[in-house]
Amino acid sequence: MLAAVRVEKAALLALLCLVGAIFGVLFVRALRTNARASGVASVAPRPLHLVVGLVTDFLDTLGIGSFATTTTAFRLGRLVDDRVVPGTLNVGHALPTIVQALIYITIVRVEMTTLVVMIGAAVGGSMLGSSVVSLWPRRVVRFSVGGALVVASVVMLENARGALPAGGDALSLEGERLAVGALVNFALGALMTAGVGLYGPCMILVSLLGMSPTAAFPIMMGSCAFLMPAASVQFVRRGAFDARAAVGLAIGGIPGVLVAAFIVESLPLAAARWLVLVAASYAAITLLVAAIRNAE
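Trainee: Can you explain helix 8 (residues 199-208)? Please cite residues and give values.
Mentor: Structural remark: α-helix, 3.6 residues per turn; residues separated by three or four positions point the same way. Looking only at helix 8, the buried set comprises Tyr199, Cys202, Ile204, Leu205, Val206 and Ser207. In the segment just after helix 8, Gly210 is the residue with positive phi, at about 95 degrees.

Set out below in structure tokens:
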């Protein structure tokens, strides 16, 4: 049995590496196309793009999430057009998230059937969501991302207050609980393409279903690692992402993941969560106000 699990895990990791390689090739081709279409000689990121990638993926690896923090940074620094924020988040954070998933699927125990079903559900949701979100106009994106930040702020507030479910000690889901988990993760995969981060809601989901919170890490990271490249295809195809910012997130994000996973491993994050909560709330308010006013 143990040997079979090892083979299944090795196969999943190999598939993830293949997805990462294919996405990397498509990403480079998209950057070249983007550069030609915009008439620029380079899509090299600004230093601030790299810093945002480093910091947000560092925090992401420790379980805070990257979408709310990145959106807040984009908004505060006026780094990315609001219309292409969802696409930039998915395209730019895809490779760092793949690195996260490779690490945590390897080192954290979780039953393989549960992991594969939850990942597959999230990917299915993302493919449906990205085909719709990539066509949204700026005002609709502002409403959706602003709403996503409100949800993220509520989750972070409850987490900071210690009000979220503690979870159980199970490493698997079966029967109805697996079906419920898959259905909700499908919805979370679709919502992620609109800028709603999956990590916080997924951790709450598996805890409510009786799983160990630690087991949430390979589930949520594996889900995102497979769904983000899948979702990115539509965003890339329609040019609904900021090339320079996406490159900055990818290049800066991977070192952030490695530092968090292998050097820092854990931090007293209470103060960081409150800071992120305040910043995300501010970004949510400004986005929603801009959407209501229909400002450019």
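Now that the structure has been shown, the text picks up again.
Trainee: Break down the pattern of salt bridges for me, citing the residues and quoting the values.
Mentor: Applying the stated rule across the entire model yields one salt bridge. Note that Arg75 is salt-bridged to Asp82, the shortest N-O span being 2.5 Å. Judged by relative accessible area, which is 23%, Arg75 ranks as partly exposed. The class for Asp82 is buried, based on a relative accessible area of 9%.

Trainee: Tell me about a nonpolar patch on the surface, residues and numbers included.
Mentor: A cluster of nonpolar side chains, contributed by Leu15, Leu18, Ile22, Leu26 and Val233, occupies part of the molecular surface with about 410 Å² of accessible area. Tracing the backbone shows Leu18 in helix 1 (residues 2-38). Residue classification places Leu18 among the partly exposed positions, given a relative accessible area of 48%.

Trainee: Account for the packing of aromatic side chains, naming residues and giving values.
Mentor: Under the defined criterion, the tally for this structure stands at two aromatic pairs. Aromatic side chains Phe23 and Phe27 sit 5.6 Å apart centroid to centroid with 20 degrees between the ring planes, which places their arrangement in the stacked category. Here Phe23 and its partner Phe27 are both found in helix 1, four residues apart, which amounts to about one turn of the helix. Just as Phe23 is buried, Phe27 falls in that class too. Both rings, one in Tyr104 and one in Phe217, keep their centres 5.6 Å apart while their planes meet at 25 degrees; by these two values the pair is stacked. A residue pair is termed long-range when its members are at least 10 positions apart, and Tyr104 in helix 4 (residues 85-107) and Phe217 in helix 9 (residues 216-237) qualify at 113 residues. For the residue pair Tyr104 and Phe217, the accessibility class agrees, reading buried in each case.

Trainee: Run through the environment of Ile103, naming residues and quoting values.
Mentor: Its place among the elements puts Ile103 in helix 4. Put simply, Ile103 and Met221 are 118 residues apart on the chain and 9.5 Å apart in space, counted from C-alpha to C-alpha. Those residues in contact with Ile103, other than ones at most four positions away along the chain, are Val257, Leu258, Ala261 and Phe262.

Trainee: Tell me about the environment of Val180, and name the residues and values.
Mentor: For Val180, the location among the structural elements is in helix 7 (residues 175-192). Since its relative accessible area comes to 42%, Val180 is described here as partly exposed. Sequence separation of Val180 and Leu209 is 29 residues, and the distance between their C-alpha atoms is 8.7 Å.

Basis of the calculations
- Along each chain, residue indices are assigned from 1 in the same order as the chain's sequence is written.
- Local features in a predicted model are, by the rule used here, given only for residues with pLDDT of at least 70; side-chain atom pairs are given and counted only at 80 or more, and totals for whole chains, interfaces and linings are based on all residues.
- Excluding hydrogens and water, the side-chain figures rest on all heavy atoms present in the structure.
- Only protein chains enter the calculation, and the probe is 1.4 Å; a residue is then buried if its accessible area is under 20% of its type maximum, exposed if over 50%, and partly exposed in between.
- Only runs of H or I of at least four residues qualify as helices and only runs of E of at least two qualify as strands under DSSP, and these elements are numbered from the N terminus.
- The salt bridge criterion pairs a side-chain nitrogen of Lys or Arg with a carboxyl oxygen of Asp or Glu, the two atoms within 4 Å.
- Residues form patches when they are more than 30% accessible in relative terms and have no salt bridge. Like charges link within 9 Å. Nonpolar side chains (Val, Leu, Ile, Met, Phe, Trp, Tyr) link within 5 Å.
- Residue burial considers only the protein chains on display, and all accessible areas are found by Shrake-Rupley using a 1.4 Å probe.
- Pairing of aromatic rings covers Phe, Tyr and the six-membered ring of Trp, with a centre-to-centre limit of 6.5 Å; geometry is then stacked below 30 degrees between planes, edge-to-face above 60, and tilted otherwise.
- Residue contacts are counted whenever heavy atoms from the two residues lie within 4.5 Å of one another.

Keep in mind that these numbers describe shape and distance, not what the molecule does.
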